[in-house]
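# Coordinates in review
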Amino acid sequence: TEVVIKTSKTISLKIKDGDYDKKSLSVSAPKATINNYGDFKKITVADGKSFTDRGEGNNILVKDKNSLTLVTGKQSSDTKIIVSTSAKGGKINIVNNGSVDAIKINGKSTVTVGGNSKDAPTITNNATGAKIVASMDANIVLDKKATLSVKEGVTLESLTVNANANITVAKGASVGEVVVAGKASDVALNVNGTVASVTIDTKADVAVS
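## Brief notes about the side chain of threonine 72
Inspection of the secondary structure assignment puts threonine 72 in strand β4 (residues 67-72). Within the local environment of threonine 72, its side chain forms a polar contact with the side chain of asparagine 96, the two groups lying 3.2 Å apart. Sequence-distant contacts of threonine 72, defined by excluding residues within four places in its chain, comprise Asp53, Thr79, Ile81, Val95, Asn96, Asn97, Gly98 and Val100.

Next comes the structure, spelled out in structure tokens:
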């Protein structure tokens, strides 16, 4: 019922294409480079160097407290990624070259989301103190206090701010609409690029510079 990869060695592994929907995959290999072509019931990366997923419909749970590069290949589709609460302090670099539907950040980590996919994922932050770097087009919802950087060339179709936030929009980046709502009371927007509109639906101090 479970495939476990656990080693401290520097190795490269390939998991062949296949339907493993009754099996879970668990990775605890801080120096390993793993390429997965299979479809699993669930994938948990507790510790890893590089994990590439090329499966369909995989749900990936990231618990890595260190540094992890998580790549979704162009063959992948309907992928969902959750950065767990146990990934506190981790540096998670997500490279979306396939089709990631949703990314949920539940751990106080630094999460960078980039890649060359044409599909814009929805990124939801549920972790107080998380740091998010958007290096590709996306829709973002900040439900907990966070720091957000929108990099040059990136377009956010929407940005919903339901908690205190410090947001920087780089030169050459654009945000369609910023909605300040929920429990947000202190929001700082540093705009060097373009923000089309700001809608404030709650009693909040919003500083735009």
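## Considering the environment of asparagine 93
Secondary-structure assignment places asparagine 93 in strand β6 (residues 91-96). Put simply, asparagine 93 and serine 26 are 67 residues apart on the chain and 19 Å apart in space, counted from C-alpha to C-alpha. Discounting chain neighbours no more than four positions away, the residues touching asparagine 93 are Leu68, Thr69, Leu70 and Thr112.

## Section: the pattern of salt bridges
This model, assessed by the stated rule, comprises 1 salt bridge. Here lysine 80 makes a salt bridge to aspartate 101, at a shortest N to O gap of 3.8 Å. Taken together, the residues span a long stretch of sequence, with lysine 80 in strand β5 (residues 79-83) and aspartate 101 in strand β7 (residues 100-105) at a distance of 21 residues. With a relative accessible area of 40%, lysine 80 lands in the partly exposed category. Look at aspartate 101 and you get partly exposed, because its relative accessible area is 33%.

## A word on a positive patch on the surface
Taken together, Lys88, Lys91, Lys108 and Lys131 make up a surface patch of like positive charges. Residue placement: lysine 108 occurs in the loop between β7 and β8 (110-114).

## A look at the side chain of threonine 79
The residue threonine 79 is located in strand β5 in this model. Residue classification places threonine 79 among the buried residues on the basis of a relative accessible area of 0%. The contact partners of threonine 79, leaving out residues within four places of it in the chain, are Asp53, Asn58, Ile60, Thr72, Ser99, Val100, Asp101 and Ala102.

## Concerning the nonpolar core
Counting 51 residues, the largest nonpolar core has Ile140, Leu142, Leu148, Leu156, Leu159 and Ile167 as the members making the most contacts within it. Among the elements that take part in this core, strand β2 (residues 12-53) stands out by supplying 10 residues, more than any other. Setting aside chain neighbours within four positions, we find isoleucine 140 in contact with Ile123, Ala134, Leu148, Leu156, Ser158, Leu159 and Thr160.

## A closer look at the packing of aromatic side chains
The relative placement of two aromatic rings is captured by the distance of their centres and the angle of their planes. A full pass over the atoms with the stated rule returns 1 aromatic pair. Residues tyrosine 20 and phenylalanine 40 carry aromatic rings whose centres are separated by 5.0 Å and whose planes lie at 35° to one another, so their mutual orientation is tilted. Under the relative-accessibility criterion, phenylalanine 40 is labelled buried at 6%. Directly above the ring of tyrosine 37 sits lysine 14, whose terminal nitrogen or CZ lies 5.0 Å from the centroid.

Scoring rules and cut-offs
Sequence positions are assigned chain by chain, starting from 1 and proceeding in written order. Only residues with pLDDT of at least 70 get local features here, since the model is predicted, and only at 80 or more are side-chain atom pairs given and counted; chain-wide, interface and lining totals rely on the full set of residues. Side-chain measures here rest on the full set of heavy atoms in the structure, leaving out hydrogens and waters. Only DSSP runs of H or I with at least four residues qualify as helices, and only runs of E with at least two residues qualify as strands; both kinds are numbered from the N terminus onward. In protein, a polar contact requires one atom able to donate a hydrogen and another able to accept it; more generally it is a pair of N or O atoms within 3.5 Å, and residues adjacent in sequence count only if both atoms are side-chain atoms. Note on contacts: a residue pair qualifies if any of its non-hydrogen atoms lie within 4.5 Å across the two residues. One side-chain nitrogen of Lys or Arg within 4 Å of one carboxyl oxygen of Asp or Glu is enough to make a salt bridge. A simple rule labels every residue: compare its accessible area, found with a 1.4 Å probe on the protein chains alone, to the largest value its type can have, and call it buried under 20%, exposed over 50%, or partly exposed in between. Every patch collects residues that have over 30% relative accessible area and no salt bridge, joining them within 9 Å if they carry like charges and within 5 Å if they are nonpolar side chains (Val, Leu, Ile, Met, Phe, Trp, Tyr). We get accessible surface area from the Shrake-Rupley algorithm with a probe of 1.4 Å; when it comes to residues, only the shown protein chains can shield them. Asp and Glu count as negative and Lys and Arg as positive, but His and the ends of the chain are not part of the count. The atom standing in for a charge is NZ when the residue is Lys, CZ when it is Arg, CG when it is Asp and CD when it is Glu. Put simply, buried Ala, Val, Leu, Ile, Met, Phe, Trp, Tyr and Cys residues joined by side-chain atoms within 4.5 Å make one nonpolar core. For Phe, Tyr and Trp, rings pair up if their centres lie within 6.5 Å, where Trp contributes its six-membered ring, and each pair is then called stacked (planes under 30 degrees apart), edge-to-face (over 60) or tilted (otherwise). Either the NZ atom of lysine or the CZ atom of arginine qualifies as a charge over a ring when it sits within 6 Å of the ring centre and within 35 degrees of the ring normal.

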